[in-house]
Amino acid sequence: MTKKQQELYRIITNQMFDFNEDFHKDFTIERIEKIEDNKLKYLLENITVDKDNIVKRKGFVTYAKFVYYADKMIEEELENAMLPNHSKVEELYKKRELLLNTIETQTNTLSEKNQLVEDLKNKKIMFKDNGKNILDEIDYFIIERFGFFNFFDQNKNYMIKEQIDDFYKEFMQAKLLSKNNNTVQLINETKTK
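Attention here is on the structure that accompanies the text. Computed from a predicted model, the values in this text were never measured in an experiment.

Each value, and the rule that gives it
All chains use their own residue numbering, which begins from 1 and follows the written sequence. A pLDDT threshold of at least 70 governs which residues receive local features in this predicted model, and a stricter bar of 80 or more applies before side-chain atom pairs are shown or counted, although totals over entire chains, interfaces and linings include all residues. Each side-chain value is worked out from all heavy atoms of the structure, with water and hydrogens disregarded. Ring pairs shown here join Phe, Tyr and Trp side chains whose ring centres sit within 6.5 Å, with only the six-membered ring taken for Trp; geometry is labelled stacked below 30 degrees between planes, edge-to-face above 60, and tilted in between. Counting from the N terminus, the helices are DSSP H or I runs at least four residues long and the strands are E runs at least two residues long. The buried label applies to any residue whose accessible area, calculated with a 1.4 Å probe on protein chains only, is under 20% of its type's maximum; exposed applies above 50%, and partly exposed to all values in between. We call a charge positioned over a ring when the NZ of a Lys or the CZ of an Arg lies within 6 Å of the ring centre and within 35 degrees of the ring normal. The criterion is simple. A nonpolar core is a set of buried Ala, Val, Leu, Ile, Met, Phe, Trp, Tyr and Cys residues joined through side-chain atoms within 4.5 Å. Contacts: residue pairs with any heavy atoms within 4.5 Å of one another. Salt bridges are defined as contacts in which a side-chain nitrogen from Lys or Arg sits within 4 Å of a carboxyl oxygen from Asp or Glu.

Structural notes on the packing of aromatic side chains
- Summed over all chains, the structure comprises 9 aromatic pairs.
- Seen in terms of ring centroids, Phe17 and Phe60 are 5.2 Å apart; in terms of plane orientation they differ by 70°. Their pairing is edge-to-face. Of the two residues, Phe17 is situated in the loop between helix 1 (3-15) and helix 2 (21-33) and Phe60 in the loop between helix 3 (40-49) and helix 4 (63-82); the sequence distance between them amounts to 43 residues.
- Its relative accessible area of 55% is what places Phe17 among the exposed residues.
- With centroids separated by 4.9 Å and ring planes inclined at 85°, the aromatic side chains of Tyr68 and Tyr69 adopt a geometry described as edge-to-face.
- The exposure class assigned to Tyr68 is partly exposed, which follows from its relative accessible area of 32%.
- Among the aromatic residues, those joined into a cluster by ring pairs are Tyr140, Phe146, Phe148, Phe151, Phe152 and Phe167.
- The ring centre of Phe151 lies 5.7 Å from the NZ or CZ of Arg96, which sits over that ring.
- Of note, Lys161 hangs over the ring of Tyr93, and the distance from its end group to the ring centre comes to 4.7 Å.

Structure below.
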């Protein structure tokens, strides 16, 4: 945690009248770490103002109120990060259809299909478009989360797009958290020089 994150944690936990360190500490820290330092003041402001009226009595800070506004801010940041690639779900679904068709037409037996999927997983073979692999880093992450054999199972079609969307959000959260941690490391490294 950065110094600002630690300070916000101290402020929030001191104000929460229902804070239980045994049950709430880890979840509180986890949420605070997902928010950039420059947005922590807005989180504190949202909790203080409570424009969504989470708590009936003004001035009270509860764990539920903190969780509500922290999750809302994390979700907004995630949505903003996903906007440039919002068509990713549809794009990967179309790639899946194309690859399923290719696997079906290029193989005759189940073992050949399994070998083709295994080669895709290990990147021994790649399906290319204009000399470039059609599956990118995000696609591989999402397919890995599904499991390669599950993703390329023709019989598995129920809620595929919803699962792709969930895994895509997971990927973006990991990227945002990684970006925030790298920024903190750079700041700390420049301070020590």
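Looking at the nonpolar core
- Of all hydrophobic cores here, the largest spans 27 residues; its most connected members are Leu135, Ile142, Phe152 and Ile164.
- Listing elements by their share of this core, those giving two or more residues are helix 5 (88-106), helix 6 (110-121), helix 7 (137-146), helix 8 (148-151) and helix 9 (160-192).
- With 7 residues, the top contributor of residues to this core is helix 9.
- Ignoring any residue separated from it by four or fewer positions in sequence, one finds Ile142 in contact with Leu92, Ile164, Phe167 and Tyr168.
- Counting residues in each nonpolar core, the second largest holds 19 residues, with Ile12, Phe19, Val61 and Ala70 among its members.

Here we look at the pattern of salt bridges
- For the structure on display, the rule yields 17 salt bridges.
- Here Lys88 ties to Glu91 by a salt bridge, and the two come within 3.4 Å at their closest N and O atoms. With a gap of 3 residues between them, Lys88 and Glu91 both fall in helix 5, about one helical turn apart.
- Taking relative accessible area as the criterion, Lys88 reaches 3% and is therefore assigned buried.
- Residue class for Glu91 comes out partly exposed when judged on its relative accessible area of 34%.
- The closest approach of N and O atoms between Glu97 and Arg96, which form a salt bridge, is 3.7 Å.
- Via salt bridges that share partners, Lys88, Glu91, Lys95, Asp136 and Asp139 belong to a single interconnected network.

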